[in-house]
Amino acid sequence: MNRLKGLFRRSASIYQTEGPLPLVKQATAYAVRRLFRYETYYLYESDSSTYRRSIDTDFVLKVDGLSFRVIQTNEEADELEAQGFQFREHAGDARRKLNNGAIAFCVFVGHELGNMGWLCTTKQAKDSLNEPPPEVDFSKGEAWAGGAWTNPKYRRMGLHTYCGLKRDEWWLQKGIVKSKWAVAKTNVASLTAESRTGSVIYGEGRLIKVLWWKSWRESRLTPQEQNRTARQDA
């Protein structure tokens, strides 16, 4: 029931922020993905050295009136929404994700959600995001980042990069040694954004899903392949 509510909430958010045509397109894509899915990904990772390279870049934020919030529980989300911040209507089944241990990182413009992403420090939390299943060694301090979203009103203004930097700063302070995530090779906007942050492409993955059957294969790139891929996506 919570998942169904999350879908309705997410659909309403898409309709309000992007209009009816994007809603139809995303609903159709979602329905097709439930039946069949074939996607290839670049696999990224970030550590303390990556973070240092990121903050050394000439990054300029183009939006005023920002606030950054970390939400770890549904009680915190309730308190935030009681203060007028819009969270769950854009976050997509946030209650279930928070209950499973996923942590939300949010950038608000005033009270409006401008950008968000999730960080997972356990397999249970990662599974709640329903994302590709690359290998993550949580027992050795690795984490998984995913579920990135930017409000269409604030795209190409630097919010995704800003949120990523603040998220990395947070997990480094918590003793996490590395964060991993995946970006579909067809997602040109996200690949372009990643090329500006200094994050490392460490591998490639392929996901095939037919109804309830799923196959995942990943391969690690050599240093030469990493450099070549980074140049192609820059």
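Source: prediction; values computed, not measured.

A. The overall build of the chain, seen in detail. The secondary structure content of the chain amounts to ten helices and eight strands. Considering the chain as a whole, with its 234 residues, one finds that 41% of them fall into the buried category. Sequence-distant contacts, at least 24 apart, represent 69% of the contacts inside the chain between residues at least 6 apart. With an accessible surface of roughly 12800 Å², the chain has 52% of that area assigned to carbon and sulfur atoms.

B. A look at the environment of alanine 77. With respect to the element layout, alanine 77 can be found in helix 4 (residues 74-82). Distance in space between the C-alpha atoms of alanine 77 and arginine 88 is 8.0 Å, their sequence separation being eleven residues.

C. Fine view of the nonpolar core. Counting residues in hydrophobic clusters, the biggest one holds 22 residues, and the most contacted among them are Tyr44, Phe105, Leu119, Leu159 and Trp170. Only strand 1 (36-46), strand 3 (103-109), strand 5 (142-150), helix 8 (159-173) and strand 6 (178-184) provide two or more residues apiece to this core. When neighbours within four sequence positions are excluded, tyrosine 44 is seen to be in contact with Ser179, Lys180, Trp181, Val183, Leu191, Glu194, Ser199, Val200, Ile201 and Tyr202. By size, the runner-up hydrophobic cluster in this structure holds 21 residues, among which are Leu80, Ala104, Leu113 and Cys120.

D. A nonpolar patch on the surface, seen in detail. A cluster of nonpolar side chains, Leu35, Phe36, Tyr38, Val210, Leu211, Trp212 and Trp213, forms an exposed patch at the surface whose accessible area comes to about 860 Å². Within the secondary structure, phenylalanine 36 sits in strand 1.

E. Seen up close, the pairing of strand 7 (residues 200-210). In this sheet, strand 7 lies alongside strand 1 in antiparallel orientation, the contact comprising ten bridges. Bridging from a neighbouring strand, phenylalanine 36 pairs with valine 210 of strand 7. Sheet topology places strand 7 next to strand 8 (residues 213-220); eight bridges connect them, and they run antiparallel. Each residue of the ladder has a partner; that of leucine 207, found in strand 8, is tryptophan 216.

F. Examining the pattern of salt bridges more closely. Using the criterion set out here, one finds eleven salt bridges in the structure. Within this structure, Asp78, Glu81, Arg88 and Arg95 form a network of salt bridges that share partners.

G. Local environment of the packing of aromatic side chains. By the definition in use, this model includes five aromatic pairs. Measuring from ring centre to ring centre gives 6.0 Å for tyrosine 41 and tryptophan 216, while their planes differ by 55°; the resulting arrangement is tilted. A residue pair is termed long-range when its members are at least 10 positions apart, and tyrosine 41 in strand 1 and tryptophan 216 in strand 8 qualify at 175 residues. Between phenylalanine 105 and tryptophan 170, the aromatic rings sit 5.3 Å apart at their centres with planes inclined by 75°, giving edge-to-face as the arrangement. Of this pair, phenylalanine 105 sits in strand 3 while tryptophan 170 sits in helix 8, placing them 65 residues apart in sequence. Each member of the pair, phenylalanine 105 as well as tryptophan 170, is classed as buried. Members of the aromatic cluster, each reached through a chain of ring pairs, are Phe68, Phe105 and Trp170. Geometry around tryptophan 144 places lysine 126 over its ring, the cationic atom sitting 4.6 Å from the centre.

H. Main features of the sheet that holds strand 7. Spatially, eight strands are ordered 2-3-4-5-6-1-7-8 in an open sheet, and the strand pairing comes out mixed. The sheet is open, and its two edges are formed by strand 2 (66-71) and strand 8, each paired on a single side. Neighbouring strand axes in the sheet, compared pairwise and without regard to direction, differ in orientation by 25° on average.

I. How the structure looks around helix 4. Along helix 4, the residues classified as buried are Asn74, Ala77 and Leu80. For helix 4, the arc enclosing every buried residue in end-on projection is 115°, short of the 170-degree limit, so these residues lie on one face. Exposed and oriented more than 90 degrees from the buried face of helix 4 are Glu75, Glu79 and Ala82. Elements in contact with the buried residues of helix 4: strand 2, helix 5 (88-91), helix 6 (94-99) and strand 3. Note on helix 4: the residue one or two positions beyond its end, glycine 84, has a positive phi of about 100°.

J. Structural detail: unusual backbone geometry. The backbone of aspartate 93 shows a phi angle near 60°, a positive value even though the residue is not glycine. Relative to the helices and strands, aspartate 93 is located in the loop between helix 5 and helix 6. Residue class for aspartate 93 comes out buried when judged on its relative accessible area of 8%. With a phi close to 60°, arginine 156 is a non-glycine residue in the positive phi region. Looking at the element boundaries, arginine 156 is found in the loop between strand 5 and helix 8. By relative accessible area, arginine 156 is classed as exposed at 77%.

What counts and what doesn't
Positions within a chain are numbered from 1, following the residues in the order the chain's sequence is written. The predicted origin of the model limits local features to residues at a pLDDT of at least 70 and limits the giving and counting of side-chain atom pairs to 80 or more, whereas totals for whole chains, interfaces and linings rest on all residues. Values shown for side chains rest on all heavy atoms present in the structure; no hydrogens or waters enter the calculation. Put simply, DSSP marks the helices as runs of H or I at least four residues long and the strands as runs of E at least two long, and each gets a number from the N terminus on. For every residue, the accessible area obtained with a 1.4 Å probe (protein chains only) is divided by the maximum for its type, and the residue is called buried under 20%, exposed over 50%, and partly exposed between those limits. The contact criterion used is simple: two residues touch if any of their non-hydrogen atoms lie within 4.5 Å. Calculation of accessible area relied on Shrake-Rupley with a 1.4 Å probe; when residues are assessed, cover is drawn exclusively from the protein chains displayed. Note on terminology: a nonpolar core comprises buried Ala, Val, Leu, Ile, Met, Phe, Trp, Tyr and Cys residues joined through side-chain atoms within 4.5 Å. Patches here: salt-bridge-free residues with over 30% relative accessible area, like charges joined within 9 Å, nonpolar side chains (Val, Leu, Ile, Met, Phe, Trp, Tyr) joined within 5 Å. Think of a salt bridge as a Lys or Arg side-chain nitrogen and an Asp or Glu carboxyl oxygen that are within 4 Å of each other. Here, a strand pair is defined by DSSP locating no fewer than two bridges between the strands. Within 6.5 Å between ring centres, the rings of Phe, Tyr and Trp (the latter by its six-membered ring) count as paired, and their orientation is classed by plane angle as stacked under 30 degrees, edge-to-face over 60, tilted in between. To sit over a ring, a charge needs its Lys NZ or Arg CZ within 6 Å of the ring centre and within 35 degrees of the ring normal. Axes here refer to lines fitted to C-alpha atoms; in helices the fit is confined to the stretch in contact. Angles between the N-to-C directions go from 0 to 180 degrees. Arc, as used here, means the arc of the directions from the helix axis to the C-beta atoms.

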